[in-house]
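A look at the structure
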Amino acid sequence: MATYVNKGETVTVTATENIAYGDVVAFATRIGVALENIPIGDSGTVGIAGVYEIQAKTADKVAVGDAVYWNKTNKEITTTSDGNTPAGIAVSDKAAAIAGIVEVKIG
């Protein structure tokens, strides 16, 4: 038997480092986006569903529907899966060799 708890659009996390509103938060198998400033050691809300504009790797070409990943070191979306955290799917295009953002459906 299952009991309804909530819509599942957010989670509460305890920060292991200072997290600013809008920062991407990497989990083991997906990402979320901080919905508030969360000082180290405090708990705060992270969105785990929806579409967010996120900085993308300049070299990467991204097309709508592509699987995209979060590179925690460079703090950017990439199409490279190796060593990166699954972020979701792209819902906007970005040409290669152009700095910019991509809209990502997370969750």
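Residues numbered from 1 in each chain as written. Predicted model: local features only at pLDDT ≥ 70, side-chain atom pairs only at ≥ 80, totals over all residues. Heavy atoms only, no water.

**Some words on unusual backbone geometry**
Glycine aside, residues mostly have negative phi angles, and peptide bonds mostly take the trans form. Even without being a glycine, Lys75 presents a positive backbone phi close to 55°. Along the chain, Lys75 falls in the loop between strand E6 (67-71) and strand E7 (76-78). Non-glycine residue Ala97 carries a positive phi angle of around 65°. For Ala97, the position within the fold is in the loop between strand E8 (85-90) and strand E9 (100-106). (Helix = DSSP H or I, 4+ residues; strand = E, 2+ residues; numbered from the N terminus.)

**Focus: the nonpolar core**
Counting residues in hydrophobic clusters, the biggest one holds 13 residues, and the most contacted among them are Ile31, Ile54, Val68, Ile77, Ala87, Val102 and Val104. Elements with a contribution of two residues or more to this core: strand E3 (31-34), strand E5 (50-56), E6, E8 and E9. Sorting elements by how many residues they give to this core places E9 first, with three residues. Excluding anything up to four places from it in sequence, Ala87 contacts Ile31, Val68, Tyr69, Trp70, Ile77, Val104, Lys105 and Ile106. Residues Val13, Ile19, Ala34 and Ile38 belong to the second largest nonpolar core, which totals seven residues. (Core = buried A, V, L, I, M, F, W, Y, C linked by side-chain atoms within 4.5 Å. Buried < 20%, exposed > 50% of the residue type's maximum accessible area, 1.4 Å probe, protein only. Contact = heavy atoms within 4.5 Å.)

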